[in-house]
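Chain by chain, the residues run as shown.
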Number of protein chains: 2
Amino acid sequence: MSLVVVGSVAYDGVETPHGKVDRMLGGAATYIALSASYFAPVKIVAVVGDDFAGEDVDLLASRRIDLTGLERVAGGKTFFWAGVYSADMNDRTTLRTDLNVFADFKPKLPESYRDAPYLLLGNIQPALQKSVRAQMHGLKLAGGDTMNYWISDFRSELLDTIAEWDFLLINDSEARMLSGEPNLRRAAARILDLGPRILVIKRGEYGAILFTKNGHFIAPGYLLEEVFDPTGAGDCFAGGFIGYLAGRGIDRAETIDPVELRRAVIYGSVMGSFCCEKFGVDRFRTLTREEIDARYRGFEACTGF
Amino acid sequence: MSLVVVGSVAYDGVETPHGKVDRMLGGAATYIALSASYFAPVKIVAVVGDDFAGEDVDLLASRRIDLTGLERVAGGKTFFWAGVYSADMNDRTTLRTDLNVFADFKPKLPESYRDAPYLLLGNIQPALQKSVRAQMHGLKLAGGDTMNYWISDFRSELLDTIAEWDFLLINDSEARMLSGEPNLRRAAARILDLGPRILVIKRGEYGAILFTKNGHFIAPGYLLEEVFDPTGAGDCFAGGFIGYLAGRGIDRAETIDPVELRRAVIYGSVMGSFCCEKFGVDRFRTLTREEIDARYRGFEACTGF
């Protein structure tokens, strides 16, 4: 069943120890949508300038992503971000952020999106995330991502927003910041009191932890032989996670099967791992569902005991 | 079947965000032996000064650890180390290292130790590790630990030593240094060409990865609600790992059952997690085998999918 994805569509300049690309398709919504598209039909809500290239539209369209909600601002330029990764690729430094048309992004949902049952809100201002959710009816599962800036400077708006979410996906340092608690287990317990029934804490190369009121599930990261570019891996995780649940038609009115949630986390890890294998979104030009399922089985093989 | 453990027995001064202890029992061999003693009979080889306290002897003896090989140097002082941990306890700074009697440690194996089938060599000079192995006959499994100093400054001695080992247990930065390869999967492949058929790469709170020629097994770290003091956790991991294999009578002449190796890694993680729950070795004053097995089952419950 359909998933609406809201967030940034951008151009990125990225340098890693494996190479440098000055300008390529990027943005959270791009990665989330591409990743989720292997599991469920995806509808994107984002804004670009009139510099947005036809070949990038074609890539998204080739994954049958609905672009009705991709607003084009005449005379505007697409969000541009540039950064460089450390030698071990666990840290990165932002070199440039030109918000461009993204600075005035006010997500407008096309009528045809409003009864989609799944919603993933990428990292944008919490009040905008809230306004999107309010435009939808009949949601089965809604949730999203956030970042340190919103946690520290827009705290009350953020708390108000996530109180309505079914799931929250953040990284470990954000979880500590949001909860004020350094220990992840305690941090998670506090965050589950803020509204979301499902919390996924992403730990980069070390995997992710799923928390619900009933316990937790620790998934290690998939061990790649070559990491070319980690940009977008966390967003691909999110896309695989919600995409899997949407594809299975998981209903929030039900008690969600904990096994399905665990599988969703593993599919998230699988999608994050593929993302790192090439620069930017390049891996998605050739990736097949068969490869995804084979890596899922590989995950089982190297984690069972 | 019996396990010989060789390494440091020491006094530690430790400060973590949870408190400070000026002087308490520590040392790699202490932690390894205490941890392994839950699975198999342990015989220790180490050196202390005449300041070594009766109550510390008693703790080791209470776990039925054979102390025949614990040499006491009259007029000497026991190895002392002091350090302070960072706020997140992932880094530590050494404040003081007084090698004392450990500076001249020449491990001498009592006759009664020489036909023990299992040997774990803690982090000491590679040539000494080699000499210990040479004193034993009828070994089923032998291996150990090392550190960055031996990897960089005693490289050829170290390579000569580990060429004879069945297993090597090191952390991720040591694996990268030893192999000259930043990617862990490639690093592991190179290290498996140096002799050991079994490589365990420890990743602190993120768990461990087991590598053999047949593939790898990724175990996440157990998620504690409270980490008081991580000192000794890696050594307790090693003790649980080899202790479990010794207790099961695993023979290196056989093709080792990969399931047993995976279980050994999980028992290692379990023992490392208990170690962090109190300062120094305190958790071992009350820990029972029943608690260990319950946490092993807890590990299964929070990692299966």
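Please refer to the structure placed before this passage.
What counts and what doesn't
- Residues numbered from 1 in each chain as written.
- Chains lettered and ligands numbered in written order.
- Predicted model: local features only at pLDDT ≥ 70, side-chain atom pairs only at ≥ 80, totals over all residues.
- Helix = DSSP H or I, 4+ residues; strand = E, 2+ residues; numbered from the N terminus.
- Rg over C-alpha atoms; globule rule 2.2 N^0.38 Å.
- Buried ≥ 20, exposed ≤ 12 C-beta atoms within 10 Å, placed from the backbone.
- Contact = placed C-beta atoms within 7 Å.
- Nonpolar A, V, L, I, M, F, W, Y, C, P; charged D, E, K, R; others polar.
- Least-squares fit on C-alpha atoms with pLDDT ≥ 70 in both.
- Expected span 1.5 Å × (residues − 1).
- Pairing = 2+ DSSP bridges.
- Axes fitted to C-alpha atoms, helices over the stretch in contact; angles between N-to-C directions.

J.: Help me out: how do you make sense of the overall build of chain A in this one?
T.: Broken down by element type, chain A carries 10 helices and 13 strands. Here the C-alpha atoms of chain A give a radius of gyration of 18 Å, agreeing with the 19 Å that 2.2 N^0.38 yields for 305 residues. Considered along the principal axes of its C-alpha atoms, chain A spans approximately 50 × 45 × 35 Å. Per-residue burial over chain A gives 50% buried out of 305 residues. Considering only intrachain contacts with a sequence separation of at least 6, the fraction spanning at least 24 residues in chain A is 67%.

J.: Would you mind showing me how to read the interface of chain B and chain A here?
T.: How big an interface is tends to be reported as the loss of accessible area on association of its parts. In this complex, chain B contributes 24 residues to the contact, which on the side of chain A involves 24 residues. Elements with a minimum of two residues in the side of chain B that touches chain A: helix H7 (184-192), strand E13 (215-219) and helix H9 (258-275) of chain B. In terms of residue class, the side of chain B that touches chain A is built from 12 nonpolar, 5 polar and 7 charged.

J.: What exactly am I supposed to notice about the relation of the copies chain B and chain A here?
T.: One copy of the chain maps onto the second through a rotation around an axis plus a translation along that axis. With an RMSD of 0.0 Å, chain B superimposes on chain A once it is rotated by 180° and translated 0.0 Å along the axis. What we have between these two chains is a two-fold relation. Judged by C-alpha distance, B:Pro220 is the residue of chain B that lies nearest the rotation axis, at 2.7 Å. The residues that chain B uses at the interface reappear at the interface of chain A in 100% of cases, marking a shared surface.

J.: Could you clarify how one ought to interpret helix H8 (residues 233-247) of chain B in this entry?
T.: In an α-helix there are 3.6 residues to a turn, and that puts residues three or four apart on one side. Residues and elements named next belong to chain B. If you check H8, its first and last C-alpha atoms are 20 Å apart, about what 15 residues at 1.5 Å a residue would give, namely 21 Å. Counting buried positions along H8 gives 14 out of 15 residues, so the element sits mostly inside the fold. Positive phi shows up at Gly 249, right after H8, with a value of about 70°.

J.: For this particular structure, what's the right way to read the sheet that holds strand E5 (residues 66-73) of chain A?
T.: Think of a sheet as strands paired side by side through backbone hydrogen bonds, with each pair either parallel or antiparallel. Residues and elements named next belong to chain A. Read across the open sheet, the 9 strands follow the order E5-E4-E1-E8-E9-E10-E11-E12-E13; overall the sheet is mixed. Each edge of the open sheet is held by one strand with a lone partner, namely E5 and strand E13 (215-219). On average, each strand axis in the sheet is inclined to that of its neighbour by 15°, with strand direction left out of account. Bridge count between strand E1 (residues 3-6) and strand E4 (residues 42-49): 4 bridges; the pairing is parallel.

J.: Whenever I open this one, the sheet that holds strand E2 (residues 10-16) of chain A confuses me. Can you help?
T.: Residues and elements named next belong to chain A. Reading across the sheet, the 4 strands line up as E3-E2-E6-E7 and stay open at both edges, with mixed pairing between neighbours. Of all strands in the sheet, those bounded by a partner on one side alone are strand E3 (19-26) and strand E7 (92-98). The average angle at which neighbouring strand axes cross in this sheet is 15°, direction not considered. Looking at chain direction, E2 and strand E6 (residues 80-85) are connected through 5 bridges and run parallel. Residue pairing in the sheet places Asp 12 in a bridge with Trp 81 of E6.

These figures capture arrangement, not role.
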